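Here's the letter readout for the chains.
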Amino acid sequence: MKFDIEILDTTLRDGAQGEGITFSLRDKLAVTETLDELGVTWIEAGNPGSNPKDLEYFRQAAGLKLKNARLCAFGSTRKKDIKAHDDSQLRSLLDAGTEGIVIFGKSWDLHVNEVLQVLPEENLAMIGETINFLKKEGRFVIYDAEHFFDGWVSNPAYAISTVNAALEAGADTIVLCDTNGGTFPDMITAAALDVLKKYPDSRFGIHAHNDCGLALANSLAAVQAGCTHVQGTLVGFGERCGNTSLAALIPSLELKLGLRCLPQGNLVRIGELTRKTAEIANVIISDDLPYIGAHAFSHKAGMHTDGVLKLNRSFEHVSPETVGNARHLLMSEVGGRAAIAERVKLIEPAVDKDHPVIVSLAEKLKNLEADGWAYEGADASFEILILRELGRYNPLFTIEAYRVLSEHPKGAKIECSNAWVKVLVGDQHEVAAAEGVGPVGALDEALRRALTRFFPGLAKMRLEDYKVRVIDGKDATAARVRVLIESTDGQRSWNTVGVSADIIDASRAALVDSIEYMLIHAQ
């Protein structure tokens with residue numbers, strides 16, 4: 001399938017060079033299938049000459065039934081002073097059996113003179129002979145002109161001569177690389193236009209790094225200058241500060257510039273598949289990531305909320321549904337009644353912003369936030385607050401008493417915490433105790449142990465995240481604290497909040513809301 005822009009994802013090669021990123025063989029195969037599902041054109045899967053794991057990956061990847069993407073192996077030009085057919089690294093690239101091969105070579109005379117330590121003519125020969133050798137073997141060759149933009153500034157004639165050597169040898173695509181990530185968009189545009197003007201019939205691409213926070217802007221600048229091939233990593237991680245995030249770039253190309261990059265209908269899955277890739281890589285996607293981040297379509301200010309509910313494009317540059325995201329109206333004192341009404345409508349569709357319940361909730365929310373409560377990151381607690389205000393909240397249990405004790409025996413490596421709790425469910429009491437490595441963990445365990453006899457589904461619930469924030473530090477250790485808890489049942493997650501001058505009591509409030517929320521939705 002021919003697209004306006006050809007996307008090469010290098011998560012498995014350049015992305016794997018990011019700090020803290022380690023892929024197992026199974027991980028690499030799973031990422032490959034995920035990227036293929038998204039529909040990128042090329043997957044740069046690694047350097048078969050660098051380690052045994054990549055060699056085994058290419059062997060197993062040959063058996064994958066990919067629907068959209070083609071695989072390419074990555075390596076460098078031949079070593080200096082030897083023939084291409086005698087270079088073992090080039091042989092390993094051919095042995096990988098991929099349809100495409102990405103070769104990088106030097107464009108900056110600084111690297112030619114000081115790093116490779118070869119004559120400029122020898123570097124040109126290394127580029128040309130390598131590509132010619134691979135083309136004769138029937139491979140599609142993508143040439144990465146490493147440090148091109150630095151080279152173009154330093155010695156434009158020589159930088160362009162390296163591109164010419166690659167094209168004369170038969171390279172199918174030339175990729176201009178901002179390897180150090182230090183180039184600004186105006187320079188990207190100037191250099192790209194200079195090259196494209198000299199070689200108007202050739203395909204050019206961009207590979208940008210994010211060391212100045214400009215990888216996305218530089219990639220867009222290159223495309224607007226005429227490049228039709230873009231490299232990046234889906235989540236954006238990679239060497240140093242990372243690569244262009246394709247999850248942020250592709251929607252801009254498709255929705256803003258009208259350039260097709262993916263099969264029809266696949267853009268709506270970009271959020272889902274980016275999160276899947278991040279999960280495999282064991283990294284957290286920034287909430288502020290454009291288009292797909294959790295905050296990308298969040299609205300807090302009352303004026304913004306009112307506007308977006310009347311006309312979504314008044315405060316949203318695209319519809320969240322186009323990228324598989326959703327609008328999130330934050331519940332806060334500055335959110336206004338329109339935002340509250342929109343949230344309450346999920347439970348009681350008949351209300352509007354002037355309904356007495358909404359007026360009451362707005363006033364209550366202001367008073368609670370003045371007291372330290374914050375609901376913008378605690379939707380589950382806010383839902384329970386709504387149910388109370390609507391008169392639909394019937395507590396499923398009551399904590400009648402609880403005690404938490406932490407001990408630090410001399411010589412012990414970790415603290416030992418114990419919790420005891422007495423609950424009332426209907427007209428029945430239950431008492432339970434539990435031990436944990438911390439007081440909140442012990443209380444959580446004891447509470448769920450007491451309730452599981454009545455509500456067996458609680459066995460699936462666990463704490464996923466726990467945050468504490470001092471609300472006002474002027475009272476030192478007597479200050480009120482806000483506790484945010486994220487819980488999960490293995491299928492979905494929800495957030496609750498508690499506030500108190502006692503951190504255990506604040507945790508108890510958040511835990512109770514969390515359990516109540518799960519039980520309400522299990523009924």
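Residues numbered from 1 in each chain as written. Predicted model: local features only at pLDDT ≥ 70, side-chain atom pairs only at ≥ 80, totals over all residues. Heavy atoms only, no water.

**Topic: the overall build of the chain**
- A tally of regular secondary structure across the chain gives 17 helices and 16 strands.
- Along the longest, intermediate and shortest principal axes, the C-alpha atoms of the chain span 85 × 60 × 50 Å.
- Within the chain, buried positions represent 51% of all 523 residues.
- Residue pairs in contact within the chain that sit at least 24 positions apart in sequence constitute 67% of those at least 6 positions apart.
- For the chain, the exposed surface amounts to about 23,700 Å²; the carbon and sulfur share of it is 51%. (Helix = DSSP H or I, 4+ residues; strand = E, 2+ residues; numbered from the N terminus. Buried < 20%, exposed > 50% of the residue type's maximum accessible area, 1.4 Å probe, protein only. Contact = heavy atoms within 4.5 Å. Areas by Shrake-Rupley, 256 points an atom, 1.4 Å probe, with all protein chains shown as cover.)

**Thoughts on helix 14 (residues 356-370)**
- Under the 1.5 Å per step criterion, the end-to-end length of helix 14 is 21 Å for 15 residues, consistent within 8% with the ideal 21 Å.
- For helix 14, the complete set of buried residues consists of Val-357, Ile-358, Leu-361, Ala-362, Leu-365, Leu-368 and Glu-369. The buried side chains of helix 14 occupy one side of the element, clustering within an arc of 135 degrees when seen end-on. The exposed residues of helix 14 that point more than 90 degrees off its buried face are Pro-356 and Ala-370.
- Once helix 14 ends, the next one or two residues include Gly-372, with phi positive near 110 degrees. (Expected span 1.5 Å × (residues − 1). Arc of directions from axis to C-beta.)

**A few points about the packing of aromatic side chains**
- Applying the stated criterion across every chain yields a total of eight aromatic pairs.
- For the pair Trp-373 and Tyr-375, a centre-to-centre distance of 6.3 Å together with 15 degrees between the ring planes defines the contact as stacked. Assigned by exposure class, Trp-373 and Tyr-375 land together as buried.
- Look at Trp-494 and Tyr-517: their rings are 5.7 Å apart centre to centre, the planes differ by 40 degrees, and that puts the pair in the tilted class. Of this pair, Trp-494 sits in strand 16 (residues 493-500) while Tyr-517 sits in helix 17 (residues 503-522); the two residues are 23 residues apart in sequence, bridging distant segments of the chain.
- Residue classification places Trp-494 among the buried positions, given a relative accessible area of 3%.
- In textbook terms, an aromatic cluster arises when at least three aromatic residues are bridged by ring pairs, as seen for Trp-373, Tyr-375 and Phe-382.
- Stacked on the ring of Tyr-57, the Lys or Arg Lys-28 has its end atom at 5.0 Å from the ring centre.
- Residue placement shows Arg-70 over the ring face of Phe-140; its charged tip is 6.0 Å from the ring centre. (Phe/Tyr/Trp six-rings, centres within 6.5 Å; stacked < 30°, edge-to-face > 60°. Lys NZ or Arg CZ within 6 Å of the ring centre and 35° of its normal.)

**With respect to unusual backbone geometry**
- One non-glycine residue, Arg-240, lies in the positive phi region at around 55 degrees.
- Looking at the secondary structure, you find Arg-240 in the loop between strand 8 (229-232) and helix 10 (246-256).
- Of note in this structure, Asn-282 is not a glycine but carries a positive phi near 60 degrees.
- Among the structural elements, Asn-282 can be located in the loop between helix 11 (270-281) and strand 9 (298-299).

**Focus on helix 5 (residues 120-136)**
- The end-to-end C-alpha distance of helix 5 is 25 Å, a good match for the 24 Å that 17 residues give at a rise of 1.5 Å each.
- Looking at helix 5, one finds that the buried residues are Glu-122, Asn-123, Met-126, Ile-127, Gly-128, Thr-130, Ile-131, Phe-133 and Leu-134.
- As for helix 5, its buried residues are in contact with strand 3 (70-76), helix 3 (88-95), strand 4 (100-106), helix 4 (109-116), strand 5 (140-146) and helix 7 (156-168).
- In the segment just after helix 5, Gly-138 is the residue with positive phi, at about 85 degrees.

**Some words on the packing of helix 1 (residues 25-38) against helix 2 (residues 52-61)**
- Put simply, helix 1 and helix 2 touch, their axes get as near as 10 Å, and they point 45 degrees apart. The orientation of helix 1 with respect to helix 2, classified from their angle, is oblique. Between helix 1 and helix 2 the crossing geometry is right-handed. Between helix 1 and helix 2, the residues in contact are Leu-25, Lys-28, Leu-29 and Thr-32 and Lys-53, Asp-54, Glu-56, Tyr-57, Gln-60 and Ala-61, respectively.
- Looking at the contact of helix 1 with helix 2, its residues break down into four nonpolar, two polar and four charged. (Axes fitted to C-alpha atoms, helices over the stretch in contact; angles between N-to-C directions. Parallel < 35°, antiparallel > 145°, perpendicular 65-115°, else oblique. Left-handed = near helix turned anticlockwise from the far one by under 90°. Nonpolar A, V, L, I, M, F, W, Y, C, P; charged D, E, K, R; others polar.)

**Considering the environment of Thr-189**
- Relative to the elements of secondary structure, Thr-189 occurs in helix 8 (residues 185-198).
- Overall, the relative accessible area of 27% leaves Thr-189 in the partly exposed class.
- Remark: the alpha-carbon pair of Thr-189 and Ala-221, spanning 32 residues in sequence, is separated by 5.8 Å.
- Excluding anything up to four places from it in sequence, Thr-189 contacts Ala-221 and Ala-225.

**Points about the nonpolar core**
- Within the largest apolar cluster, 86 residues are counted, with the highest numbers of intra-cluster contacts made by Ile-7, Tyr-143, Phe-148, Ile-174 and Phe-204.
- Ignoring sequence-local partners within four residues, the contact set of Phe-148 consists of Ser-107, Ala-159, Ile-160, Val-163, Leu-176, Cys-177, Ala-191 and Val-195.
- Ile-384, Ile-386, Ala-442 and Val-481 belong to the second-largest nonpolar core, a separate cluster that totals 55 residues. (Core = buried A, V, L, I, M, F, W, Y, C linked by side-chain atoms within 4.5 Å.)

**Observations regarding the sheet that holds strand 11 (residues 398-407)**
- Pairing in this open sheet of three strands is antiparallel, and the strands run 11-12-13 from one edge to the other. If you trace the sheet from one side to the other, it starts and ends with strand 11 and strand 13 (428-436), each paired once. Ignoring which end each strand starts from, the neighbouring axes of this sheet average 10 degrees apart.
- Direction of pairing for strand 12 (residues 416-425) relative to strand 13: antiparallel, over a ladder of nine bridges. In the sheet register, Leu-424 faces strand 13, and the bridge partner there is His-429. (Pairing = 2+ DSSP bridges.)

**Regarding the sheet that holds strand 16**
- If you walk across this open sheet you meet the three strands as 14-15-16, and the pairing is antiparallel. The open sheet has two edge strands, strand 14 (462-470) and strand 16, and neither has a second partner. Across the sheet, the mean angle separating the axes of adjacent strands is 20 degrees when strand polarity is ignored.
- As paired strands, strand 15 (residues 481-488) and strand 16 are joined by eight bridges and run antiparallel to one another. Residue pairing across strands places Val-483 opposite Gly-498, the latter belonging to strand 16.

**Examining the pattern of salt bridges**
- Evaluation of the coordinates by the stated rule reveals 25 salt bridges.
- Lys-79 is the partner of Asp-87 in a salt bridge, and the nearest nitrogen-oxygen pair spans 3.9 Å.
- When salt bridges that share partners are traced, they join Asp-444, Glu-445, Arg-448 and Arg-449 into one network. (Salt bridge = Lys/Arg side-chain N within 4 Å of Asp/Glu carboxyl O.)

Honestly, it's all geometry; don't read function into it.
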